[in-house]
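Given next are the chains, with one letter for each unit.
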Amino acid sequence: MGGEIAEQRANYLSTDASTSELVKRLKKVAEKLKNVEQEAEDKGNWEATAAALVQIGLIKHKDKDVQLLTACCLAEIIRIFAPEPPYDDKKLKDVLKLFVEQLGLLKNIDSPIYERVYNLLEQLTVIKVFALLGDLDEEGEIASSLMKKFFSTVTDKHSNSVKTHIIDIASTLIEESSSISQNLLDSILINLIGSAAKKENPVPYRLAQLIVNKCAPVLHPSITEFLQDAKSSDSELKDHVHELIFELNRISSDFLFKVFPVLERELRSENLPTKLAANGLLARLFAAKGSNLASNYKLFSAFLLGFHDTEEKIRNVMLQFARHYMANQSQNLEMFTDPLIARLQDVNEEIRKLAVTTVCQIGVENIQNLNGKLVSAVIERLRDKKPDIRKEAVVQLCAMYAAVRKQFPDENDHQIEKVHGIPSAILSCYHFPDIEDRLRVEKEFDKVLLSDAADAKIRADRLVEIVNYLLKEADTEKQFKENQPLAALLKLLKDKRSFQVEFEKLLNAKEKGVDTAPFISLCSHRFSGSTEKVRDFVSSVAKTKEEKTLKRLRSLLDYSAPYSQLKTIRNEVVKKYETKHKKSAERATRRLIPSIINAESVELILGSALKSNAKSEGIVYFLTEVSQFMPDSFNSNSLDLLQTVLTEKKKPKIIDQVLSILANVSSQFSAEDVKVTKKLKEKLTELCVTGTPFQAKKSVVVLSRLFKKPADIKTQLSMLLETNVIKKLDAKEKNLETILTTAAAIAKQSPSIFQSSKDEILPFIVKFFQKEGVKKKVGSDLVNAKVAGLKVLSNYLVGLEDITQGDEVLTLLFKFVEHRGDLTKKETSDKAEREKMRLNSAKALISVAKHRRSVDLFSPERFELFATIMQDTSKEVRKEFLEKVLAGLRSLKLPLQYLSLPVLCATDSSQDIRALARSELTLNIKTRREWCKINAEKLVSGMQIRFLPEFALGHLVHLIAHLEDLEDDQKALDNQGQKYLSFFFEHLFHGDNFIMLRNILSAIKSTKDVFEPSSRNTHRLADIGFQIVNAKSESRHWQQKKEAVEEIYLPTELYQVPTEKEMLAFQNSSSAPFQLGNKEESSKTKKSSKNGKDEEENDEEPKATKKRKNSTKSNKKKVEEEEEEEEELKVNKKKSKKANKDEEKDEEEELKEETKKSKGKPASKKREKAVVEEEETPEEVTKTPRGKKASPKATSSSKKQKRVVEEEEEEEVEPSPSKKRKGVKAVAEAKKQAKEASKKVEEETEEQPAKSKKGTTKDGRRKGSKKAQVEPEEEEEENSEPPQLQRKTSGRKARK
């Protein structure tokens, strides 16, 4: 019976049936098999069915349903007959292959047969059918095929149960295998690599991770063996070993312990790709989040050596690794400090730049893992020689600071300390000469450090925090001023203000319809020191006709507008120029907008600073400095707050600063905005009497500016002067210094009021100067009061309408300088007191000289007394006086001759003084040249001597020639003179000015010293100058252009053209050429000497003048000897003239040949024959035409004489040996010019009597006319030219 049933079942599954019939039968068989238990007694009856199911016709049937149903039936057969399937190995392989094939149908999740396929998967998982592959599939073909089917089939759309079944099947397959074949291993591990595949379908990647993790103990030996010998393997993974290692480490680090030695060997490999790959792998392994591989200290240490590798690519990898490691790990962080610092100093530019980015990004991501040393090392890169690295350092440091401040809002958090120094370092970069560095600092400070996204309150708090940190170690005003980062911030704000002022002038000019070209140039120059950075934007603004745009631009200059409104307007303006001039528009508008300091921010800062109990002197000092150049940033609310603070009991420092702010900003308010309370007036009056001298001075200024009506001002100051000053003028008065300071302030603020009481004040001060101080009491009140008296005298002189009225006061001040600070000459006063008195008297004289009415105030003899202060025995005196002179030069208020004083610091024993003089000389010379370039049209002929720095050479040479220690010591003169001139030329050499300097030196050699005509000191110094200039010009090998100055000028109060006799005498003893001179100059010198004699009788003459008189007497013998040689000189002259006539012909022929060669161009050097007339004319400037020697008109008391003088250029004066000598002008042309000049001189001579009525002062000065003394206030306010060029120059006539 059983056999028949088996036979029927076998025939039932015959392949002869149709496909549809076969499908029906297979479904019935499958249903019946599901109900058969594994322990059923009649399971043997199913052996025929089992045999029928493995027919080739069923297993490889063309219909998918037939194959799937066959597979389902076979799965049930294997379940029923487990653990021994009723098939041999061959049949069993076919069955397993059929299962693999059918599991591939899982891919189509929407298929109608998907549920049956899923049931098959579930059944195969339960019966663990693939455990049978252990002995059947030694090569792993079926297993690898199965895994590939799974990984290529599964997606995110499949349920978790499908993925679980797959993992179970794979685990069974791996765990039941006797050995893991490489094919099976590859089919699993291949899914761990390939970033693109992971992104497209991450399920296989996660599935592979789960399978490997679940079967790690079984797979570990096979994987380790493969990794150790991957290069000799045929696996498709051998080229992806490092990526596979990284992924395996993410699953379990146990896979890598035996791989580390291999990686360590690769680190030491000489093959760069191998070495690079190993470094890249280990970098990823160590830096991986949660990785603990760094505990392998040996491997980690070997890996860190890559920071010092010679290959740039390796160092690059290490820097990228450091960023990720220090952001994610917390162990071994100290091992990174030195390597990162080394890379910040790398020789390769790109490595240094990447190191900067790396360290700053670590700080952004995890500031706790960054130590202060690394931040300091990055800050050092702000001074890198490469602009790109400086830029990266600024940007990254600012980003790190902003990120940390956002992460830690509390400024007292200890993590903030790591970045607190960043703003200071960034601001210091504003001192750099490169405009791009400064613009970057301005941008990052405003945009990032203060955060342009924040509101006004947060920005104000940030600014207060930064300023307080800058000044946290400073307590005194001196320390505040010496703080370089704060000075940089103030300079940044000053540059903004300067550009705003010039831009507003441009808008006003456009509104008035005047020519905007000069304003465009000046505005562009104010922006960056050049006219290129924003010129296109400024020019576009000047051309635009859109009123809306112009209105917006003017609104940007409004300090009273809120920050949010200003930011919106700026964005609109930038958007307007987005398509054209975008970059320059962004730069220009960023500087135009008052974003850092405006009325809103000042009110917030002032309120928090003055109301806070914390240390606030620093921020108030900052506002004090800001008030000097941004008074518009203080509104009426701020003014009320300042007045309230002043009447309260505050620290003296706060009172001082508030007074300064009030003094700076009060004048801008109208009478309606200012409410002066009675309490405030009483407080200011009290400070003028009992306060400190500084408070008294500022109180007077505030009183004179808070009151708007002249009558009110006069009433207040007059009452103050009469009631609180004059009545308390007593040497025993406790607050005498304060009272005298008040008098000095009134003299400065209101000279007319002081003039009315001068007869009561000045005599007291003069008498007070005679009072002896107490020895060994350096800072005594008596000495300080005397210094205050000097300030009264100085301000009195400045306020005089006619400066000649103050001759007696001037003489008194010079006596202090001449007598070394001891007016009594008894030397009873203390040494420190004498130093203080001579210093402050000299400073007072400089203050007078700075005033624009005092151009020719001091005679040359008196001017040379300043050299004694510059070379004083006291370092403090020298330094303070130098700073005073430099301040005057910096503001361009001191005449050009004062530029020679800092040069005397070249031999100073103090390095600080030398450095200060050197830096300021460079800056001042540069400033003067820039001003000349901008105002070239205003520099008319003869005006250059007042401003061009090259013309200071004449003053310097004369000053050196008459230094007390050098005047009679030729050896010392040569030695020290070379040092002084080298020091000056070091800063003076510029482009092609060598020819101009030679011409000035030639002019000096062509003249005589007015003080000592027989002295050759100026000529010796000129020779030294020639040597320096020639050496420098030859070493630079520059192509020298023709100098821009057409004529050379020398100050005739120092130099004079020699007479004929002096010229011939000098030609006989020296090779330097001379021209005829003007006897008027000699008579002028004698007149000056006569005046000097009168001063000597009155005991008022400087020592230098007395010495020169003695020297003049001693020179009489030399004059007599010269007269005896006169006959011989006349003979020499005749011979010289005859020789010159012969030579002239040769020179004229030579000139013709040179002219033909140069096609009409003038020769570089000429020899000239000029006909001149001697006339008696007053002249204050000796002028030498460019490229030739001076040929001025000589005078004669008896008659006019025409002379012919031939000028020769000596070899020692030549710029270089290769230069040709100067040619000769035609005699006819020279005569024609001489006649024209003579005619002009005659006209000038007729005008002379009228001018001579003005008279002279005791020291030889001409009294200035009242017209010349009128102060052009409007011109000074426009600040279009320096004070020297605003003065009258009618006394200086240049001959052409």
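Residues numbered from 1 in each chain as written. Predicted model: local features only at pLDDT ≥ 70, side-chain atom pairs only at ≥ 80, totals over all residues. Heavy atoms only, no water.

J.: Run through the overall build of the protein chain, naming residues and quoting values.
T.: The number of helices and strands found in the protein chain is 62 helices and eight strands. Partitioning the intrachain contacts of the protein chain with sequence separation of at least 6 by distance along the chain shows that 74% fall at a separation of at least 24. Carbon and sulfur atoms make up 48% of the accessible area of the protein chain, which amounts to about 61,100 Å² in all. (Helix = DSSP H or I, 4+ residues; strand = E, 2+ residues; numbered from the N terminus. Contact = heavy atoms within 4.5 Å. Areas by Shrake-Rupley, 256 points an atom, 1.4 Å probe, with all protein chains shown as cover.)

J.: Any chance you could break down the nonpolar core for me, citing the residues and the numbers?
T.: One finds F99, F130, F321 and F622 to be the most contacted residues of the largest nonpolar core, which totals 334 residues. F130 has contacts with L96, F99, V100, L103, L124, L146, I169 and L173, leaving out every residue within four places of it along the chain. (Core = buried A, V, L, I, M, F, W, Y, C linked by side-chain atoms within 4.5 Å. Buried < 20%, exposed > 50% of the residue type's maximum accessible area, 1.4 Å probe, protein only.)

J.: Pulling in residues and values, what's your account of helix α35 (residues 617-629)?
T.: Burial analysis of α35 places 12 of its 13 residues in the buried class, which makes it a mostly covered element. Inspection of α35 places E617, G618, I619, V620, Y621, F622, L623, T624, E625, V626, S627 and F629 among the buried residues, and these make up the whole buried set.

J.: Please give an account of empty space enclosed by the protein that cites residues and values.
T.: Overall, the coordinates contain 10 cavities of 30 Å³ or more when judged by the stated rule. As a volume, the second largest cavity reaches approximately 80 Å³. The wall of the second largest cavity is formed by L450, A456, R459, A460, L463, Y563, S595, I596, N598, S601 and I605. Looking at the lining of the second largest cavity element by element, the count peaks at four residues for helix α26 (residues 456-470). Residue composition of the lining of the second largest cavity, grouped by class: seven nonpolar, three polar and one charged. (1 Å grid on protein atoms, 1.4 Å probe; cavity = no way out; pocket = protein on both sides within 12 Å on 5 of 7 lines; lining within 4 Å. Points joined across faces, edges and corners; volume = space filled by probe spheres on them. Nonpolar A, V, L, I, M, F, W, Y, C, P; charged D, E, K, R; others polar.)

J.: Tell me what's going on with helix α53 (residues 994-1005), and back it up with residues and numbers.
T.: The end-to-end C-alpha distance of α53, which contains 12 residues, comes to 17 Å, matching closely the 16 Å that a straight helix rising 1.5 Å per residue would cover. The buried fraction of α53 is high, at 11 of 12 residues. Listed as buried for α53 are F994, M996, L997, R998, N999, I1000, L1001, S1002, A1003, I1004 and K1005. (Expected span 1.5 Å × (residues − 1).)

J.: So what's going on with a positive patch on the surface? Residues and values would help.
T.: A surface patch of like charges, here positive, comprises K391, K443, K447 and K583. Within the secondary structure, K391 is located in helix α23 (residues 387-407). (Patch = residues over 30% accessible without salt bridge, like charges linked within 9 Å, V, L, I, M, F, W, Y side chains within 5 Å. Salt bridge = Lys/Arg side-chain N within 4 Å of Asp/Glu carboxyl O. Lys, Arg positive; Asp, Glu negative; His and termini not counted. Charge placed at Lys NZ, Arg CZ, Asp CG, Glu CD.)

J.: A description of unusual backbone geometry should follow, citing residues and the corresponding values.
T.: One non-glycine residue, K128, lies in the positive phi region at around 50°. Along the polypeptide, K128 turns up in the loop between α7 (114-127) and α8 (133-136). Its identity is not glycine, yet H581 carries a phi of approximately 65°, on the positive side. As for its position among the elements, H581 is in the loop between α32 (563-576) and α33 (582-592).

J.: Which residues make up the packing of aromatic side chains, and what values go with them?
T.: What the rule picks out here adds up to 27 aromatic pairs. For the ring pair F321 and F336, a centre distance of 5.6 Å and an interplane angle of 40° mean the geometry is tilted. With F321 in helix α19 (residues 312-328) and F336 in the loop between α19 and α20 (337-344), the pair connects residues that are 15 residues apart, well separated along the chain. Overall, the relative accessible area of 0% leaves F336 in the buried class. (Phe/Tyr/Trp six-rings, centres within 6.5 Å; stacked < 30°, edge-to-face > 60°.)

J.: Mind laying out the environment of V817, listing which residues take part and the relevant values?
T.: If you trace the backbone, V817 turns up in helix α45 (residues 807-818). Assessed through its relative accessible area of 2%, V817 is described here as buried. Separated by 24 residues in sequence, V817 and S841 place their C-alpha atoms 6.6 Å apart. Not counting the four nearest positions on each side in its chain, V817 is found in contact with R838, S841, A842, L845, L865, T868 and I869.

J.: Can you tell me about the pattern of salt bridges, naming the residues and giving the values?
T.: One pass over the structure, following the stated rule, counts 40 salt bridges. R878 is the salt-bridge partner of D908, the closest N and O atoms lying 2.6 Å from each other. You can see D908 sitting in the loop between α49 (875-890) and α50 (911-934) and its partner R878 sitting in helix α49, a full 30 residues away along the chain. On the basis of relative accessibility, which here comes to 8%, the residue D908 falls in the buried class.

J.: Pulling in residues and values, what's your account of the packing of helix α43 (residues 758-769) against helix α44 (residues 781-799)?
T.: Orientation of α43 relative to α44, taken along the N-to-C sense of each, is 135°, at an axis distance of 10 Å. The angle between α43 and α44 falls in the class oblique. Judged by the sense of rotation from one axis to the other, the crossing of α43 with α44 is left-handed. Of α44, the residues touching α43 (which contributes K758, I761, L762, I765, F768 and F769) are L782, A785, K786, G789, L790, V792, L793 and Y796. Considered class by class, the residues forming the contact of α43 with α44 number 11 nonpolar, one polar and two charged. (Axes fitted to C-alpha atoms, helices over the stretch in contact; angles between N-to-C directions. Parallel < 35°, antiparallel > 145°, perpendicular 65-115°, else oblique. Left-handed = near helix turned anticlockwise from the far one by under 90°.)

J.: Give me the state of the cysteines: which residues, what numbers.
T.: Enumeration over the complete set of coordinates arrives at zero disulfides. The structure places no disulfide on C72, whose sulfur is separated from the nearest cysteine sulfur, that of C73, by 6.8 Å. Free of any disulfide, C429 has its nearest cysteine sulfur in C398, 9.0 Å distant. (Disulfide = S-S within 2.5 Å.)

J.: Account for the confidence of the model for the protein chain, with residues named and values stated.
T.: When pLDDT drops low, the exact placement of atoms in the prediction is not to be read closely. Taken residue by residue, the protein chain gives an average pLDDT of 77. The fraction at 70 or more is 76%. The model gives residues 1038-1045 a pLDDT under 50, and that stretch makes 21 contacts with residues more than four places away or in other chains. (pLDDT = per-residue confidence, 0-100.)

J.: If you had to explain the packing of helix α36 (residues 636-647) against helix α38 (residues 678-690) to someone new, which residues and values would you point to?
T.: Between α36 and α38, the shortest axis-to-axis distance is 10 Å and the interhelical angle comes to 55°. The pairing of α36 with α38 is recorded here as oblique in orientation. Considering only the axes of α36 and α38, their crossing is left-handed. In this structure, α36 contributes Q643, L646 and T647 to the contact, and α38 contributes K679, L680, K683 and L684.

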